[in-house]
Amino acid sequence: MPAHAQEQKSGEDAGVEKRGRITPFNGAAMPEGATPTDQKDDKSAVGPNKKPADGSVPSSGVTVFDRMGAELPALPAEKPFTGKVDDAYGAFQRGYYLTAMDLALPRAQLGDPAAQTLIAEILQQGLGVVRNPQQAAFWYAQAAEKGDPAAMFKYALILMEGRYVKRDRKKSEELMKKAADLGNGSAQFNYGQTLVADNPGPKGLKLAMPYYEKSAEQGIADAQYALSQILVNVDGIEESKRTRAREWLIRAARAGYDTAQLDIAIWMIEGIAGERNLEEGFGWMRRAAEGGNVVAQNRLSHLYVNAIGTRPNPVEAAKWYVLSRRAGLKDDALEDFYLGLNEEQQKQALSAANKYRRS
């Protein structure tokens, strides 16, 4: 969770065990082997000229070799598109930004919010034109007034920053909420962040949770991560929702969010919000470490030292420790481990760390 969204434990809560926190890896047990599920006979596939489709006999269907060269059945006819084609947006998607600008500008001047937002995006990013954030802010404001959710979100950020227009936090929050309620995923996450900042502790997290959920469903990795932390750490959450905590964290990790990759590695190794899976936990830890997460590099070194989810490898352990130490993360236990290696192992580890840094 972002710093302002973290819950600080009060004195009366200090003795309560907090779920989802990092604990030592030592003592982690191997997960029990999964029992394969029994296959049931598919009686619907049995007929006078058919054999049981239970795997006991080969299929009598058309094989790949029989199908090679054979004409495939025709695809179903596509349904005709009856909506209005947006030529300006089509040009934008193909990278013809000046064409998109030429097509969108007359519509924008006549008050079309979609065209106004498109022009604002081109000016904001400097796509095919000189970047002009002030003009972009003007067009975002025009589109926001006409109810375009994307423009509302962008203009809310501009109002909050106060760089190109006069800062107005109240109006910014109003626009952010409107954009969130109209379904903009980024606005939903950011409005959730506002609720957390304005209402410290569990109250703010619970108020923000519905917005995080909507944003997470739309694929916003930050919201997926935030939601996973709330589901594990905040009391009073419905159990049906709490069981999805690991699912949301995995989705954020798959999106490339390195903090989520680090956390899901820890969750899988320690059995948080689900069963232990040491091998998958090691894989996620390595992925986060290779992505440059310094804490993951340190933890990966520990995994190699203690042979958790992998075979022991002193040289790899030393390599990842050296990388995390160079980034400023001290670890007395790993330093003792490193000093205990022989000269050749230290040399190999330093060489591997230098090669990794250069790559």
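Going along each chain's sequence as written, the residues are numbered from 1 onward. Totals for whole chains, interfaces and linings use all residues, but because this is a predicted model, local features are given only for residues with pLDDT of at least 70 and pairs of side-chain atoms are given and counted only at 80 or more. Derived side-chain values reflect all non-hydrogen atoms in the structure, with water molecules and hydrogen atoms excluded from consideration.

Enquirer: Even after reading the chapter, I still don't get the overall build of the protein chain, so can you show me in this structure?
Expert: Counting secondary structure elements, the protein chain contains 18 helices and zero strands. The buried label goes to any residue with under 20% of its type's maximum accessible area, the exposed label to any with over 50%, and the partly exposed label to all in between, with areas taken from a 1.4 Å probe on protein chains only. Across the 359 residues that make up the protein chain, the buried fraction comes to 38%. Nonlocal contacts in the protein chain, meaning residues at least 24 apart in sequence, comprise 51% of its contacts between residues at least 6 apart. Working note: accessible area of the protein chain is about 21500 Å², and carbon and sulfur atoms make up 51% of it. Helix numbering and strand numbering both begin at the N terminus, where a helix is a DSSP run of H or I of at least 4 residues and a strand a DSSP run of E of at least 2. Only heavy atoms matter for contacts: two residues are in contact if any of them lie within 4.5 Å across the pair. What sets the accessible areas is the Shrake-Rupley method with a 1.4 Å probe; for residues, cover comes only from the shown protein chains.

Enquirer: What is the right way to read helix H5 (residues 133–145) from this model?
Expert: A turn of α-helix holds 3.6 residues, and therefore any two residues three or four places apart point the same way. What a helix is expected to span follows from its residue count: subtract one and scale by 1.5 Å. Spanning 13 residues, H5 covers 18 Å between terminal C-alpha atoms, matching the ideal 18 Å at 1.5 Å per step. For H5, the complete set of buried residues consists of Pro 133, Ala 136, Ala 137, Trp 139, Tyr 140, Ala 141, Ala 143 and Ala 144. Buried residues in H5 make contact with helix H3 (97–109), helix H4 (113–125) and helix H6 (149–161). Of the residues trailing H5, Gly 147 is marked for its positive phi of about 95°.

Enquirer: Even after reading the chapter, I still don't get the nonpolar core, so can you show me in this structure?
Expert: Here is a general trend for soluble globular proteins: nonpolar side chains tend to be buried in one another's company. Within the largest apolar cluster, 91 residues are counted, with the highest numbers of intra-cluster contacts made by Tyr 155, Tyr 212, Ile 264, Met 285 and Leu 300. Tallying contributions element by element places helix H13 (residues 258–270) first for this core, with eight residues. Once you skip the residues sitting within four places of it in the chain, Ile 264 turns out to touch Arg 246, Leu 249, Ile 250, Ala 253 and Trp 284. For our purposes a nonpolar core is just a set of buried Ala, Val, Leu, Ile, Met, Phe, Trp, Tyr and Cys residues, chained together by side-chain atoms within 4.5 Å.

Enquirer: Which parts of the structure should I look at to understand the packing of aromatic side chains?
Expert: Each pair of aromatic rings is reported with the distance of its centres and the angle of its planes. Only the six-membered ring of Trp is used, alongside the rings of Phe and Tyr, when aromatic pairs are assigned; centres must lie within 6.5 Å, and planes under 30 degrees apart are stacked while those over 60 apart are edge-to-face, with the rest tilted. The tally for this structure, following the rule as stated, stands at nine aromatic pairs. Ring centres of Tyr 89 and Phe 92 lie 6.2 Å apart, and the angle between their planes is 20°; on these two criteria the pair is classed as stacked. Pair noted here: Tyr 89 and Phe 92 are both in helix H2 (residues 87–93), with a separation of three residues, about one helical turn. Classification of Phe 92 as buried rests on a relative accessible area of 19%. Relative to Tyr 211, the ring of Tyr 191 has its centre 5.0 Å away and its plane inclined at 75°; by these criteria the two rings are edge-to-face. Of the two residues, Tyr 191 sits in helix H8 (residues 185–198) while Tyr 211 sits in helix H9 (residues 202–217), which places them 20 residues apart along the sequence. The same class applies to Tyr 191 and to Tyr 211, which are both buried. Working rule: Lys NZ or Arg CZ, within 6 Å of ring centre, within 35 degrees of ring normal, means a charge sits over the ring. Note that Lys 214 overlies the ring of Tyr 211, its terminal NZ or CZ placed 5.6 Å from the centroid.

Enquirer: I would appreciate a short explanation of unusual backbone geometry in the present structure.
Expert: What is expected of a backbone is that most residues other than glycine have negative phi and most peptide bonds are trans. You will see that Ala 273, though not glycine, has its phi angle at about 55°, which is positive. The topology assignment puts Ala 273 in the loop between H13 and helix H14 (278–290). The phi angle at Ala 307 is positive, at roughly 55°, despite the residue not being glycine. Along the chain, Ala 307 falls in the loop between helix H15 (294–306) and helix H16 (314–326).

Enquirer: I would appreciate a short explanation of the side chain of Ser 172 in the present structure.
Expert: Looking at the element boundaries, Ser 172 is found in helix H7 (residues 169–181). The exposure class assigned to Ser 172 is buried, which follows from its relative accessible area of 2%.

Enquirer: Help me understand H6, please; the structure alone is not making it clear to me.
Expert: Taking 1.5 Å per residue as the helical rise, H6 with its 13 residues ought to reach 18 Å, and the 19 Å between its terminal C-alpha atoms agrees with that figure. All buried positions along H6 are accounted for by Ala 151, Met 152, Phe 153, Tyr 155, Ala 156, Ile 158 and Leu 159. The elements touched by buried residues of H6 are H4, H5, H7 and H8. What qualifies as a polar contact is a pair of N or O atoms within 3.5 Å, subject to a donor-acceptor requirement within protein and to the restriction that residues adjacent in sequence count only when both atoms come from side chains. For H6, the N-terminal cap is Asp 148; the gap from its side-chain oxygen to the backbone nitrogen of Ala 150 is 3.2 Å. Note on H6: the residue one or two positions beyond its end, Gly 162, has a positive phi of about 70°.

Enquirer: When you look at the pattern of salt bridges in this model, what are you seeing that I'm missing?
Expert: Two side chains bearing opposite charge may form a pair once their charged atoms approach each other closely. Within this document, salt bridges are pairs made up of a side-chain nitrogen of Lys or Arg and a carboxyl oxygen of Asp or Glu, the two lying within 4 Å of each other. Under the defined criterion, the tally for this structure stands at 14 salt bridges. Here Arg 169 ties to Asp 198 by a salt bridge, and the two come within 2.8 Å at their closest N and O atoms. Taken together, the positions of Arg 169 in helix H7 and Asp 198 in helix H8 put the pair 29 residues apart, joining distant regions of the chain. On the accessibility criterion, Asp 198 (40% relative accessible area) is partly exposed.

Enquirer: Honestly, the environment of Asn 313 in this entry has me stumped. Any pointers?
Expert: For Asn 313, the location among the structural elements is in the loop between H15 and H16. Placed 12 residues apart in sequence, Asn 313 and Ser 301 show a C-alpha to C-alpha distance of 9.1 Å. At a separation of 3.1 Å, a polar atom in the side chain of Asn 313 contacts the main-chain amide nitrogen of Glu 316.

Enquirer: Could you clarify how one ought to interpret the side chain of Ser 215 in this entry?
Expert: Inspection of the secondary structure puts Ser 215 in helix H9. Dropping the residues within four chain positions of it, Ser 215 is found in contact with Gly 185, Gln 188, Phe 189, Ile 220 and Ala 223.

Enquirer: Just checking my understanding: could you explain the packing of H9 against helix H10 (residues 221–233) for this structure?
Expert: Two measures define how a pair of helices packs: the angle their axes make with one another and the distance between the axes. Note on definitions: angles span 0 to 180 degrees between N-to-C directions of axes, and those axes are lines fitted to C-alpha atoms, for helices only across the stretch in contact. At a minimum axis distance of 9 Å, the contact between H9 and H10 shows a crossing angle of 135°. On the basis of their axis angle, the class for H9 and H10 is oblique. Between H9 and H10 lies a crossing of left-handed hand. Facing H9, whose interface residues are Leu 205, Met 209, Tyr 212, Glu 213, Ser 215 and Ala 216, H10 presents Ala 223, Gln 224, Ala 226, Leu 227, Ile 230 and Leu 231. In these notes the angle categories are as follows: under 35 degrees is roughly parallel, over 145 is roughly antiparallel, 65 to 115 is roughly perpendicular, and the rest is oblique. Crossing handedness: left-handed means the near helix sits turned counterclockwise from the far one by under a right angle, and right-handed means the same turn made clockwise.

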